[in-house]
Amino acid sequence: AVLGVLASGRGSDLQSIIDAVEAGQIKAKIGVVLTDKPNVMALQRAEKAGIPAICVDRKKYDDRDAFERELVKQLKEHGVTLVILAGFMRILSPYFVNEFKNCIMNIHPSLLPSFGGAHAHRDVLAYGVKVSGCTVHFVDEGMDSGPIIMQKAVPVLDDDTEETLSARVLEQEHIIYPKVIELYLAGKIHVNGRHVTIDD
Ligand code: GRF
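Cut-offs applied
Numbers given to residues run from 1 along each chain, matching the order in which its sequence is written. Where local features are concerned, this predicted model is filtered to residues with pLDDT of at least 70; where side-chain atom pairs are given and counted, the filter is 80 or more; whole-chain, interface and lining totals use all residues. UniProt positions are given in the numbering used here, feature names are shortened, and annotations may be inferred rather than shown by experiment. Strands are runs of DSSP state E lasting at least 2 residues, helices are runs of H or I lasting at least 4, and numbering of each runs from the N terminus. In this description, a residue-residue contact is defined by the distance between C-beta atoms placed from the backbone, which must lie within 7 Å. By the convention used here, strands pair only if DSSP detects at least 2 bridges between them. Angles run from 0 to 180 degrees between N-to-C directions of axes, and those axes are lines fitted to C-alpha atoms, restricted for helices to the stretch in contact.

For the protein, the name recorded in an unreviewed UniProt entry is Phosphoribosylglycinamide formyltransferase, with Megamonas hypermegale as its organism. Database annotation for the protein, UniProt heading Pathway (unreviewed entry): "Purine metabolism; IMP biosynthesis via de novo pathway; N(2)-formyl-N(1)-(5-phospho-D-ribosyl)glycinamide from N(1)-(5-phospho-D-ribosyl)glycinamide (10-formyl THF route): step 1/1." What UniProt states about the protein under its Sequence similarities (unreviewed entry) heading is, verbatim, "Belongs to the GART family."

### Observations regarding the UniProt feature "active site" (unreviewed entry) in the protein
On the UniProt side, "active site" (unreviewed entry) is annotated at positions that read His108 here. Residue position: His108 is located in strand S5 (residues 104–108). In this structure, His108 is in contact with Gly116, Ala120, Cys134, Thr135, His137 and Asp144, ignoring residues within four places of it in sequence.

### Things to note about the sheet that holds S5
The seven strands lie next to each other as S3-S2-S1-S4-S5-S6-S7, forming an open sheet whose pairing is mixed. The sheet is open, and its two edges are formed by strand S3 (53–55) and strand S7 (148–155), each paired on a single side. The average undirected angle you get between the axes of adjacent strands in this sheet is 20°. Both strand S6 (residues 131–138) and S7 contribute to a ladder of seven bridges, which runs antiparallel. Bridge pairing in S7 links Val131 to Pro155.

Right under this line is the structure:
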């Protein structure tokens, strides 16, 4: 299998996947890292690991179609078979999702279907829930809406800020995302409609 990772910024989830590949936990290579913005840390992390790192700058494309056609072209040129969204802050169109049917995963920093969207931690704190967490799911045409593969809960503490909560959640993201990829590559993850089962 060849992984293609899409990221938009800091790339700490990407780093956890790079580390898991290097440690032999994930038995695949990362064929390419693509970002939609220039000069982001995700690109530096990929370069440092010797992985092809390409910015497909959204600003240089007239519309989402043209932008996504370039993403798909790059992924295919690099032989990608599993697309990993790691802090990629854009919604993919049905065209893209169809090109990699059931082969796109995302991680979201809340317990879906609660608190989807771009400001999960802020929304969690504003609502006052006592438990949050992270969710790895397959990607469909909706936002944060595909079948859920794995979730991990963490407590929300009385004095949490977005920073302290996101740090607690990220720690778990960096464990479950590589784990899910490992299991997927081992053929242990099965999807039946909305329901995902994992062999033990
Ligand atoms: C993570 O919290 C991830 O769940 C969300 O965006 C954040 C990305 O962080 N989708 P990083 O860029 O991987 O450090």
